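# Descriptive structure summary
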Amino acid sequence: MARREKIPEHSREQRDTYHHGDLKRALTEAALALVKEKGPKGFTLREVARRAGVSAAAPYRHFSDRAQLLAAAATLGFVQLHETLSDAAAETDDLIQQVLGMGRAYVRWAVAHPDYYQVMFGSELDKSDNPELLTAGARAFSDLLDAIGRCQQANLMPTGDPREI
């Protein structure tokens, strides 16, 4: 009886080209790198796929189009910004120092993450089509509004709508 030869498995290098443990994150990171280089309108899903090392069809497993990919990146940015602001507020019990610390943290985060910032606040994205994005953005913005509101309640800042001060 003839022995069948074992069919060789693909090399690790080949498998990594076509499979990611977290394809969605790999695509998001590739898109952000392209945003940094070319701006939010300057790339295609095909380029994102190439940058992530996957087939041109792979992004469509997670995103229907470039706008949806940018919305996912913006959502992730707002989540990171919220965490940054929360950490800054937790550094002190002094209400004024919390607001100042959050302001400094906001600016530092924006300077360190211009790719996220462009996607989060650029006009290329219709936030109303993405409830998850709206929620994440509102959460980060409410961090600042809440801190200002606490200062107003303690008579440390003028009263009124903090968005108009």
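Residues numbered from 1 in each chain as written. Predicted model: local features only at pLDDT ≥ 70, side-chain atom pairs only at ≥ 80, totals over all residues. Heavy atoms only, no water.

## Digging into the overall build of the chain
Within the chain, the regular secondary structure consists of 7 helices and 0 strands. Scanning the chain from its N terminus toward the C terminus, one meets helices and strands in the order α-α-α-α-α-α-α. Split into buried and exposed, the 165 residues of the chain put 35% on the buried side. Partitioning the contacts of the chain with sequence separation of at least 6, the portion at a separation of at least 24 is 60%. Looking at the chain as shown, the accessible area adds up to about 10,700 Å², and 51% of this sits on carbon and sulfur atoms. (Helix = DSSP H or I, 4+ residues; strand = E, 2+ residues; numbered from the N terminus. Buried < 20%, exposed > 50% of the residue type's maximum accessible area, 1.4 Å probe, protein only. Contact = heavy atoms within 4.5 Å. Areas by Shrake-Rupley, 256 points an atom, 1.4 Å probe, with all protein chains shown as cover.)

## Things to note about the layout of surface pockets
The calculated volume of the largest pocket comes to roughly 290 Å³. Those elements that place two or more of their residues in the lining of the largest pocket are α2 (23-38), α4 (66-89) and α7 (131-153). Among the elements that make up the lining of the largest pocket, the one with the highest residue count is α4 (5 residues). Of the residues that constitute the lining of the largest pocket, the class distribution is 5 nonpolar, 5 polar and 4 charged. (1 Å grid on protein atoms, 1.4 Å probe; cavity = no way out; pocket = protein on both sides within 12 Å on 5 of 7 lines; lining within 4 Å. Points joined across faces, edges and corners; volume = space filled by probe spheres on them. Nonpolar A, V, L, I, M, F, W, Y, C, P; charged D, E, K, R; others polar.)

## So, the confidence of the model for the chain
Averaged over the chain, the pLDDT score is 86; the fraction of residues at 70 or greater is 87%. When mean pLDDT is compared element by element in the chain, helix α5 (residues 95-112) scores highest at 96, while helix α1 (residues 12-18) scores lowest at 41. This stretch, residues 3-18, has a pLDDT under 50; its non-local contacts, to residues over four places away or in other chains, come to 6 contacts. (pLDDT = per-residue confidence, 0-100.)

## Quick word on the packing of α4 against α7
When two helices pack together, their arrangement is given by the angle between their axes and by how far apart the axes lie. In contact at an axis separation of 8 Å, α4 and α7 are set at 25° when each is read in the N-to-C sense. By the angle class used here, α4 and α7 are roughly parallel. Every pair of crossing elements has a handedness; the one defined by α4 and α7 is left-handed. Facing α4, whose interface residues are Ala71, Ala74, Thr75, Phe78, Val79, Leu81, His82, Leu85 and Ser86, α7 presents Glu132, Leu133, Ala136, Gly137, Arg139, Ala140, Asp143 and Leu144. Among the residues making up the contact of α4 with α7, the classes are represented as 10 nonpolar, 4 polar and 3 charged. (Axes fitted to C-alpha atoms, helices over the stretch in contact; angles between N-to-C directions. Parallel < 35°, antiparallel > 145°, perpendicular 65-115°, else oblique. Left-handed = near helix turned anticlockwise from the far one by under 90°.)

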